[in-house]
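Here are the chains, one letter per residue:
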Amino acid sequence: MSILDDILMIGQRMKSEQLSLKDSISESSRVNVSDEQVEGLDRLIYNHCMNKSALADFFGKSRNTFSKILSEMEKRKLISEPIFQNKNHLYTRFDVQTIMAELKIPRYNEMYVPRVIVTENHKGGTGKSTTTVTLATAAALDLNLNARVCIVDMDPQGSIGSNLIRSTSEDNIYLTITDILLAEYEEEGDYAQYITAGYSEEDIIANIPFSTHLPNLDVITAFPTDDRFTDTYWRLDKEARNRLLTRFRDVVMPVLKSKYDLIFIDTPPQDSPIIWSTNEAADGLLVPITPREYDFASTTNYMLTIATRLKQLPSQGENIKWMKVLAVNVDDKSQHEIRTLNKLVRTVQDKFMTTNIKHSEAFVAAAEKGRTVLDIKKSEELCPPKQFDTAEMSITSVYQQFINEIKRFSAKGE
Ligand SMILES: Nc1ncnc2c1ncn2[C@@H]1O[C@H](COP(=O)(O)OP(=O)(O)OP(=O)(O)O)[C@@H](O)[C@H]1O
Ligand SMILES: [Mg+2]
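Residues numbered from 1 in each chain as written. Chains lettered and ligands numbered in written order. Predicted model: local features only at pLDDT ≥ 70, side-chain atom pairs only at ≥ 80, totals over all residues. Heavy atoms only, no water.

### Describing empty space enclosed by the protein
On inspection of all chains with the given rule, the structure shows two cavities of 30 Å³ or more. If you go around the largest cavity, the residues you meet are Arg93, Val96, Gln97, Met100, Ala140, Leu141, Asp142, Leu143, Asn146, Ala147, Pro215 and Asn216. Residue assignment for the lining of the largest cavity shows that the elements contributing at least two residues are helix H6 (93–102) and helix H8 (128–141). The dominant element in the lining of the largest cavity, judged by the number of residues it contributes, is H6, at four residues. For the lining of the largest cavity, a count of residues per class yields seven nonpolar, three polar and two charged. Taken domain by domain, the lining of the largest cavity gets at least three of its residues from each of domain 1 (36–105) and domain 2 (108–408). The space that makes up the second largest cavity amounts to roughly 40 Å³. Taken together, Ile376, Lys377, Lys378, Leu382, Cys383, Pro384, Pro385 and Phe388 make up the lining of the second largest cavity. Of the residues belonging to the lining of the second largest cavity, the class tally is six nonpolar, no polar and two charged. (1 Å grid on protein atoms, 1.4 Å probe; cavity = no way out; pocket = protein on both sides within 12 Å on 5 of 7 lines; lining within 4 Å. Points joined across faces, edges and corners; volume = space filled by probe spheres on them. Helix = DSSP H or I, 4+ residues; strand = E, 2+ residues; numbered from the N terminus. Nonpolar A, V, L, I, M, F, W, Y, C, P; charged D, E, K, R; others polar. Domains from an automatic or database assignment.)

So, in structure tokens, the structure goes:
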């Protein structure tokens, strides 16, 4: 046997041992079950509990009136009893969401149209996934925004999606966006089996998002086999390629936009049909860049090609209403980085966000736990307190600028 036959055999043997998306999700959620419990709650749910007096302030009610509303809701079994901790009465985000609905707090979709924000940069390791998940989490935690948020992982090699899944339901459909996009070309695939079982395409799309630790944050995972999108694309003729590139926008997005207000898409570090299909479905582009010379050089390259690429797409890039470059993983103490930041200010000009995400050990500590920095508490001591503050402050300022800009081009009736 030649070495090539050996390689082929190895590939085939590995394929037969490979887990499906469903099995790999059940495998990873088994790990999550053993995660730490606090006050009888999953650590992640506990970390986002809010206390009654802060909530009374948010709802603009006196402590007395608010207590009455809460005990009434408790009696009607709409919310559970709070966690009593010293003088604090803590409510989970799931209960807070129910209270918001009961008190008719305005929802995002009453004032703004749904938006799809794609994070991309062809350079690897620039902080795309970290930025996407952190901003999406910040949006979900923003009570004033009151939005339903979904993260879509389009990076076949990434795993942000499966890290975020906290629970699965009977209704969940174990498919990726790519499985849906390629349906027409895969008569034997998993998608086809759901259709045979009587699901409509819309039902399938509506049920692929998984729940997370936040009531208004869902996630759609990617899977390494999604890489086949590129092979399929190149096999098609021009007309079929265009049809494939518009499917995300025309078939998947209407369903997702009816369920979610803000859809954040994380992409792989490549210039490939997966990115083009995602760009065709986007309303806005966020380009994270670390202020290092190599990143500057490759982002320059990306900037020089992206306009041409967008023009070649079916919508010719006219769907893109917003674009910003965001400096991430910034170390203010490095003279080298400050010089690169200055170069970015001079060249990117008004498309450069004035806020940036600082370098902090908190991001690394959070990533090790499969969480975002917004999901850790300072008191957990997962990193030095100063590092925690740096991370939290920079995320808060970037999020505020980001969401104000999104609101500005998304207000209804404009
Ligand atoms: N602000 C930050 N401070 C410290 N470390 C960070 C920060 N942002 C990201 N990192 C770390 O940098 C690494 C790369 O980040 P991330 O995975 O988000 O990049 P990416 O662009 O998605 O990479 P890829 O191109 O491989 O998908 C990760 O280990 C992450 O924990
Ligand atoms: Mg990534």
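### What to know about the packing of H8 against helix H19 (residues 385–408)
Contact geometry of H8 with H19 gives a least axis separation of 10 Å together with a crossing angle of 75 degrees. Put simply, H8 runs roughly perpendicular to H19. Across from Thr134, Leu135, Ala138 and Ala139 in H8, the residues of H19 making contact are Ile395, Val398, Tyr399 and Phe402. Across the contact of H8 with H19, the residue classes break down as seven nonpolar, one polar and no charged. (Axes fitted to C-alpha atoms, helices over the stretch in contact; angles between N-to-C directions. Parallel < 35°, antiparallel > 145°, perpendicular 65-115°, else oblique. Contact = heavy atoms within 4.5 Å.)

### Some remarks on the packing of helix H14 (residues 238–259) against helix H15 (residues 273–280)
Their axes nearest at 8 Å, the elements H14 and H15 cross at an angle of 40 degrees. If you check the angle between H14 and H15, you find them oblique. In the crossing of H14 with H15, the sense of the turn from one axis to the other is right-handed. When H14 is examined against H15, the residues Leu245, Thr246, Phe248 and Arg249 are found in contact with a partner set consisting of Pro273, Trp276, Ser277, Thr278 and Glu280. Class assignment for the residues of the contact of H14 with H15 results in four nonpolar, three polar and two charged. (Left-handed = near helix turned anticlockwise from the far one by under 90°.)

### So, the site of ligand 1
In the vicinity of ligand 1 lie 17 residues, with Gly125, Lys128, Ser129, Thr130 and Lys358 positioned nearest. Backbone polar atom of Lys128 to an oxygen atom of ligand 1: 2.8 Å apart, as the coordinates give it. Measuring from a nitrogen atom of ligand 1, one finds a backbone N or O atom of Lys358 at 2.9 Å. Out of a free accessible area of 630 Å², ligand 1 has 74% covered by protein chains. Elements represented by at least two residues in the shell around ligand 1 include exactly H8 and helix H18 (361–368). Its residues placed into classes, the shell around ligand 1 shows five nonpolar, nine polar and three charged. (Near = heavy atom within 4 Å. Polar contact = N/O pair within 3.5 Å; in protein donor to acceptor, adjacent residues only side chain to side chain. Areas by Shrake-Rupley, 256 points an atom, 1.4 Å probe, with all protein chains shown as cover.)

### Observations concerning the pattern of salt bridges
Summed over the entire model, instances satisfying the criterion amount to 23 salt bridges. As a salt-bridge pair, Glu293 and Lys343 come within 3.1 Å of each other at their nearest N and O atoms. Within this pair, whereas Glu293 is found in helix H16 (residues 293–312), its partner Lys343 is found in helix H17 (residues 335–348), the two being separated by 50 residues in sequence. The residue Asp332 makes a salt bridge to Lys358 at a minimum N-O spacing of 3.2 Å. Separated by 26 residues along the polypeptide, Asp332 in the loop between strand S12 (322–327) and H17 and Lys358 in the loop between H17 and H18 bring together distant segments of the chain. The class of Asp332 is partly exposed, set by a relative accessible area of 42%. One network of salt bridges, in which partners are shared, links Arg115, Lys257, Asp283 and Lys321. (Salt bridge = Lys/Arg side-chain N within 4 Å of Asp/Glu carboxyl O. Buried < 20%, exposed > 50% of the residue type's maximum accessible area, 1.4 Å probe, protein only.)

### Some words on the sheet that holds strand S3 (residues 50–51)
Taken in spatial order, the three strands make up an open sheet running S3-S5-S4, and their pairing is antiparallel. Of all the strands in the sheet, the pair left with one neighbour each is S3 and strand S4 (83–85). With three bridges connecting them, S4 and strand S5 (residues 88–91) associate as antiparallel partners. Directly across from Phe84, in S5, lies its bridge partner His89. (Pairing = 2+ DSSP bridges.)

### Re the domain arrangement of the protein chain
Once the domains are mapped, the protein chain shows domain 1 (36–105) and domain 2 (108–408). Once you take the C-alpha centre of each, domain 1 and domain 2 turn out to be 31 Å apart. In this complex, domain 1 contributes 16 residues to the contact, which on the side of domain 2 involves 16 residues. Between domain 1 and domain 2 the total buried area reaches about 1,500 Å² when both faces are included, carbon and sulfur atoms providing 62% of it. (Buried area = accessible area lost by both parts, 1.4 Å probe.)

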